[in-house]
Amino acid sequence: MGDDGSLLPEDQLLADALPLEDERDELEDPEFDIKCLLQEAEDDVDPGHSSSVKELDTDADKLKKKTAEDRMQAFHLRQNLSALDKMHEEQELFIEKMRGELRACRQRRDLIHKQQEAVAAEIATEEEAGNMATVGRLQAVSRRLFAELENERDLQSRTEAVLKESENTMWHIEIQEGRLEAFRTADREEVEATGRRLQVRAAEQLCREQEALGKVERNRLLRIRKSLHTQKELGLRHQKLLEDARKNHKVAVWFLKASLGRIREQEKKEEMECHEYMRRRMDAVVALKGSISANRDTLRKFQAWDRAKAELAEQRVQAEKKAILAQGRDAFRHLVHQRRHQELEAQKRAFEEEQKLRKQEIVSRILKEEAEEEKRKKQHPPTSARHRPTLRDKTWNYISDFCKEKTTVPTNTSTLDYEAAAGPGPSRLLQVVSSELIQGDPGASSEEETLAEPEISGLWNEDYKPYQVPKEDVDRKPVGGTKMDKDILERTVERLRSRVVHKQVVWGREFQGRPFNSKPELLHFQDFDIGKVYKKKITLVNTTYTINYCKLVGVEGHLRDFIHVDFDPPGPLSAGMSCEVLVTFKPMINKDLEGNISFLAQTGEFSVPLKCSTKKCSLSLDKELIDFGSYVVGETTSRTITLTNVGGLGTTFKFLPASEPCEMDDSQSALKLSSLLTYEDKSLYDKAATSFSEQQLEGTESSQADMQSRKELEKLDKEQEEEQPAEPERLTTVIPPSEEQTEITLGEVTEGEIGPFSSIKVPIIFTPVVPGDVQARFKVTFKNPQCPTLHFRVVGVAIDVPVWVPKPSVDLKICMYDRLYQDSVLVHTRSKAALRLKFEVCKELRAHLELLPETGYIQAQSSYSVQLKFLPRHSLPEDAGRYFDKETRVLEAPMTIWVADQNKPVGFTVHAIVTTSDLELSPSEVDFGYCTIYEAIRTEISLHNHSLLPQEFGFVRLPKFVDVQPNDGFGTILPLETLQFCVIFQPTEAKEHRFQLTCKSEINRCFKLSCRAVGVHPPLELSHYQIKFAATALYDTSVATVYVINSHLSMSSRNHSKPRIGSEDASPMGPTSFEFLLPPDSPITISPSVGTVWPGKRCLVQVAFRPVLPEKLIRQEALPLLNKEMETKSFRKDMAPQRKDRHRLSFSVLRAQNRDKLFKVSVPHVLEMRKRELKPSPHNTLYLELWCPTVAPSVVVTSHKGKTIFNFGDVAVGHRSIKKISIQNVSPEDLALDFSLLNPNGPFVLLNHSSLLRAGGTQVLVLSFSPHESILAQETLDIITKRGTLTLTLLGTGVASMITCSIEGSVLNMGYVIAGESVSSGFKLQNNSLLPIKFSMHLDSLSSTRGRGQQQLPQFLSSPSQRTEVVGTQNLNGQSVFGVAPIKGVMDPGKAQDFTVTFSPDHESLYFSDRLQVVLFEKKISHQILLKGAACQHMMFVEGGDPLDVPVESLTAIPVFDPRHREASSRPGPLSPEAEELRPILVTLDYIQFDTDTPAPPATRELQVGCIRTTQPSPKKTVEFSIDSVASLQHKGFSIEPSRGSVERGQTKTISISWVPPTDFDPDHPLMVSALLQLRGDVKETYKVIFVAQVLTGP
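Rules behind the numbers
Residues numbered from 1 in each chain as written. Predicted model: local features only at pLDDT ≥ 70, side-chain atom pairs only at ≥ 80, totals over all residues. Heavy atoms only, no water. Helix = DSSP H or I, 4+ residues; strand = E, 2+ residues; numbered from the N terminus. Buried < 20%, exposed > 50% of the residue type's maximum accessible area, 1.4 Å probe, protein only. Polar contact = N/O pair within 3.5 Å; in protein donor to acceptor, adjacent residues only side chain to side chain. Contact = heavy atoms within 4.5 Å. Patch = residues over 30% accessible without salt bridge, like charges linked within 9 Å, V, L, I, M, F, W, Y side chains within 5 Å. Areas by Shrake-Rupley, 256 points an atom, 1.4 Å probe, with all protein chains shown as cover. Salt bridge = Lys/Arg side-chain N within 4 Å of Asp/Glu carboxyl O. Lys, Arg positive; Asp, Glu negative; His and termini not counted. Charge placed at Lys NZ, Arg CZ, Asp CG, Glu CD. Pairing = 2+ DSSP bridges. Axes fitted to C-alpha atoms, helices over the stretch in contact; angles between N-to-C directions.

Caption draft 1: Seen up close, the side chain of Asn1371. If you trace the backbone, Asn1371 turns up in the loop between helix H18 (1346-1349) and strand S64 (1378-1381). For Asn1371, a relative accessible area of 10% gives the class buried. For Asn1371, the side chain forms a polar contact with the main-chain oxygen of Ser1400, separated by 2.9 Å. From its side chain, Asn1371 meets the backbone nitrogen of Asp1402 in a polar contact 3.0 Å long. Contact partners of Asn1371, with chain neighbours within four places excluded, come to Ser1376, Val1377, Ser1400, Pro1401, Asp1402, His1403 and Phe1408.

Here it is, written out as structure tokens:
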């Protein structure tokens, strides 16, 4: 267990590094406290020197805290990085999901659009058909689809919004990751540096362990000399320690699992805290952004106010200047005097303020000294009864008298005002001072008391709190001290409080965060009244890990006059427990307050935010635009607008027109503008000029008011620009009243009082006078200057016609004759009374068009619907007259609506285009002629549409033997279009057919076509009537088969139909002959072309297609080429060379005539009856249709005589044979080559792959054959081009390599060898194959991949059945323990190769092993031989017994008595031969007895005692052995033969051990005895043989 520390991972060491540093910091903290206390004592002795020393201590403290803070910051940043990575992955998944939903939503919308279009088409169809019930149902479906479409649109918009928000979040996450990228790099570098430090530390630890190992080795040498009894006790103790270690290991594993579970829970909690922290950070950033924008708007408002004030001042100065000049005085002098007077007034006010502050400062110091004096007197009464006035008393009396005189002595008005403002009475002064100083920070006063020194020396002791006159009395300083004093006080208080705060660590986990949670989190007093008392409770919950304490620190200074906190400390609070705090708020000023209530816990300080909000007005209108719509002149209507106050403060409002005429001079204008700068706005302006930070805190609350104020100021500027005066002396603008005010007016309620949380409705009245658009603007003003002016707009339309038609033109589109079309005409009225309407149609169209009802009453301010019915007759062109155009077929009919008591009628027009619905079929009759039942006849017909509308049609009720194509005779024909159709007639029986084809249009009109035909049943039939050959290259052959069948077996018509022609007599039964008639010069061969088929039989016919180039074409192409090559030779030479070159020239012919040809051949099959000597009837002819596509070969093989079959022959497994094949492009264009995929695991490989073959170019392909096993291989390689495919056939035979080994069992045991010596052994490999074989020998111990396996867990940790390591113990000197020669070579066929294996161990071990691999051709492993061996220090050894150790040698030396490490007996120092070693041997004997009646054979085991043959000189040539206590063993049932003997060198002797249970043996308790086995050779060795015997009664 001591070495387990070295197996810990680096991550755990890195995790432990931070707690170690924290513990070091905690150890250093007490020392720092002691230094601080000593330094405080020195500061008390020497106050002048205390400030510098404190600053040094503070700097050191900051440096230490900085390192801890850096570590905490790095830790939080790591958490942030992991959280950002996880959020990044989640956001990516969420965005992918939302995009999928968005795509699905769009698909659903497209589907609904298609359904709507289909439903609309069906509605139109059903309306034309007059099926109103179906129309209603379809309209309901349309409405449902529209609702679904709206839902999908809403869902799509929401999904897009969520997707956009997620993408924004993704961008923010990526920005955060980019910001933390530098930290990620630095952290990675820090981890690497930590790893390097750990490596250095591990090296140092290894050195220390090696030193300790040396000490252990020396101690072991001393312990060896102890007696046998001591060794026995140590062995038993060691076994006990092993059992304890196993138990401790189990316990440690259990605790480790529990610790890991807690760590996972902590990580989850930290992750949740990190998410919460990021959310708070984001909220804070959003709030800060809003505050910045609000403050920016406020600054713009203040700047506008400054400009307005400057302009008003300039205007005032100019007016005064003009007035003075008009009076004849000096304007410049007057302005200079006035400016000086203002400066003097400002200096006077500043002096008064300074005097007031100085007096307040003096009074505060006096009160503070008196309080301290009273406190000192209470603790130590004065010794003398006589009281002598001090300097403070004299000063106080002087101030009191001075204040009394100022209040009693009358002076002039200016002096009285100045004194009243600067010097209040004593009572008032005391009240002011008490409100500012007495409510000071108790912590600060206690600190000052602690740091003060007593006035009287000698009173300094631990129980007495000293007092010292503040230094401020001597050196005049402002109230509260200088900035340095405040900083020193702050640091002192922080240092003192830091001693109270302690870290809370539970189970090695330190608590970090807020110690107490408050409910509610924010204490808010809203809409308070001055003088009332408000109380609220806060519940504080302990969120730490264990017991914690809570102490009230107090509230902030500006809240102490209004907030009182009642808190009774509850003492120790357990985790999860809570306590209550009562907060009392008594407002004294009408102002918003914010602050914190501070508490101090054992783990740190925390605070509860506090907010107090005054009552405010928040006014708004429910609408900014009122639209009355259209109304007739003279009517009156009204709308209401609601003014709502959602604040807690009421105000007075007034509704006014925005264009109300007004007059204002320069003084009123200045007064109005200056009023904007009073009260709260002016105070805000002053605050903005002094402290910008306060505005940032209040910006979020006052942003809305500031925006409204800015709008009001902009409107005021616009009004001032519009109201610029014509005369310079007077600013007067008269706005003429607008015309809209007479039409749009306010109601009775235009002004009043609106209370808090209430609303008021104001009516707006619209009375149109003149037709046209009317609009007006209104504003709402409020008495409260903080409420901005609200504006709204009113619009309306005035019309003068009471009755009108929204659609003056009714378009019926294109209509057909004798079809009814309907539409509704909607009539509207603005009249407030019911009117009688009469609808009139012109007399020319009354027979075709109708309006129902003819007369009706329309109610006031409603609509009326009239039904329009249009049924055009064929007489419409004659009846309509001038309303119908015969050329364009356009109808334009005027309609009239007469209104009672109104002379002017309302008219509208009906437009329509009237067309016919006729369809025409041609020809009028179709004759198909004779047709067999195995064939079909096709003829063409045409269909013409005479209508201007597209019509749907279909051929319906067709006979089974007739088919109309395309689209099965159904479709839509466009206007004036002609379509061609194929009518296919295929009879099913032999008879005469007469039938009609019916074409029906969508309006249920039928058009018929007459047809006739004769069906023929021939006596023979074919198995196929159409053959399509594959694309065949020139001079290639494609073959297909077809059968001629005679199925005429009986003259009875019950079994089958009889062969006949139409209605003629049936053909006789018997053998029937046939003949195939081929077209002339066709490349078709039919075999046999003539034959006879007996009834019930069939005849096989082969049809071959072999395209060739005609001889004439070859000659035409060859002659020009020969003329060019042989210009000087005569053309009349021997034609034999031409015939020889004809095959070569055929390639050029192919190149010239490279066109794909498709032959379509119809082969007549004429039948003849043998029994009749009549000529065959032409009606019994069958036709066989052949499709023969012909292509020219684009690529040909030019090598190997043009053959496409390549045989590689016999190739040895592991070898490779290569063939080169030349191909040529005979096409006139460049071809892109593509090769078929060969078997990736097969032996054939295409070594060079070419993608382009030029026209006329040649490419050499290199193919290799590499068999992996003994196999006969065959594959095809297709060379694919766009013009055809060239197929190559590849053949080859793989011959396997056969090698036999002389070692049986694949194990070579080298036996025992003395350490330092070597032994050799040999074996043979025989080559039984017909090919030479290249071999190489490899040892696993020298393999380059062995180091990878050593990185895994040791093999001895797994069970013996799971161990796969074959490389055992190796030499310590780094050399391989096994060696083989030769290492590589070549074995000839039928020859054998001898190999020698050498075993050379350098230390003692029983588990030397290695594996020898025989590799053929550097690829294939032929044999694997396991090499084993053992080494001893001396010439004797013992084998047998049960294993007591693992077959893995340890890297450290272990005592020899340890049974797990017997190999560690080798020692660096010399050992005397007399020293004896006691080595244990365990022998287990199992006596198997299944039947108690039948005696069982004894249990037997064997031990081998051997003597190693060595070359070292030795006094003894043999090894003697002996076993003691043989008699006692025999008494217990053991039999040992022989018990003593000797062994020669290089020999072994077997000791047989048998056991039969004695009669008194208890089967429930196994027998355990021991005996000593002594070996005497060059040294003496003693073994302790432990016999364990037991009886087994079952399997």
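Caption draft 2: Structural view of a negative patch on the surface. Taken together, the side chains of Glu89, Glu90, Glu92 and Glu174 make up a negatively charged region of the molecular surface. Relative to the helices and strands, Glu89 resides in helix H2 (residues 47-129).

Caption draft 3: Highlighting unusual backbone geometry. Here the amide bond leading from Gln965 into Pro966 is cis, since omega sits at 5 degrees, within 30 degrees of zero. As for its placement among the helices and strands, Pro966 is situated in the loop between strand S34 (962-965) and strand S35 (970-973). A cis amide bond links Ser1087 to the next residue, Pro1088, at an omega of -10 degrees. Within the secondary structure layout, Pro1088 lies in the loop between strand S45 (1084-1087) and strand S46 (1090-1093).

Caption draft 4: Focus on the pattern of salt bridges. Counted by the stated rule, this structure contains 29 salt bridges. Salt-bridge contacts for Arg144 lead to Glu148; the nearest nitrogen and oxygen are separated by 2.8 Å. A residue pair is termed a helical-turn pair when its members lie 3 or 4 positions apart in one helix, as Arg144 and Glu148 do in helix H3 (residues 132-179) at four residues. Under the relative-accessibility criterion, Arg144 is labelled partly exposed at 43%. Here Asp592 makes a salt bridge to Lys616, at a shortest N to O gap of 2.8 Å. Here Lys616 lies in the loop between strand S10 (604-614) and strand S11 (619-621) and Asp592 lies in the loop between strand S8 (578-585) and strand S9 (593-601), a separation of 24 residues in the sequence. According to the relative accessible area criterion, Asp592 is partly exposed, its value standing at 22%.

Caption draft 5: Quick look at the sheet that holds S11. With antiparallel pairing, four strands are arranged side by side in an open sheet as S11-S13-S17-S15. Bordering the open sheet on either side are S11 and strand S15 (744-746), each of which pairs with just one other strand. Adjacent strand axes in the sheet meet at a mean angle of 25 degrees when their direction is disregarded. Note: S15 against strand S17 (residues 758-766), three bridges, orientation antiparallel. Residue pairing in the sheet places Ile744 in a bridge with Phe766 of S17.

Caption draft 6: Broad picture of a positive patch on the surface. A surface patch of positive charge is lined by Arg836, Lys838, Lys843 and Arg846. Assignment of secondary structure puts Lys838 in strand S23 (residues 835-841). The exposure class assigned to Lys838 is partly exposed, which follows from its relative accessible area of 44%.

Caption draft 7: Here's a closer look at the environment of Arg1501. Structurally, Arg1501 is set in strand S71 (residues 1499-1507). Each C-alpha atom of the pair Arg1501 and Ile1536 lies 9.7 Å from the other, and the pair is 35 residues apart in sequence. Not counting residues within four places of it along the chain, the set of residues in contact with Arg1501 comprises Gly1441, Asp1442, Val1483, Thr1484, Leu1485, Ile1551, Ser1552 and Ile1553. At 3.2 Å, the side chain of Arg1501 forms a polar contact with the side chain of Asp1442. At 2.6 Å, the side chain of Arg1501 forms a polar contact with the backbone oxygen of Thr1484.

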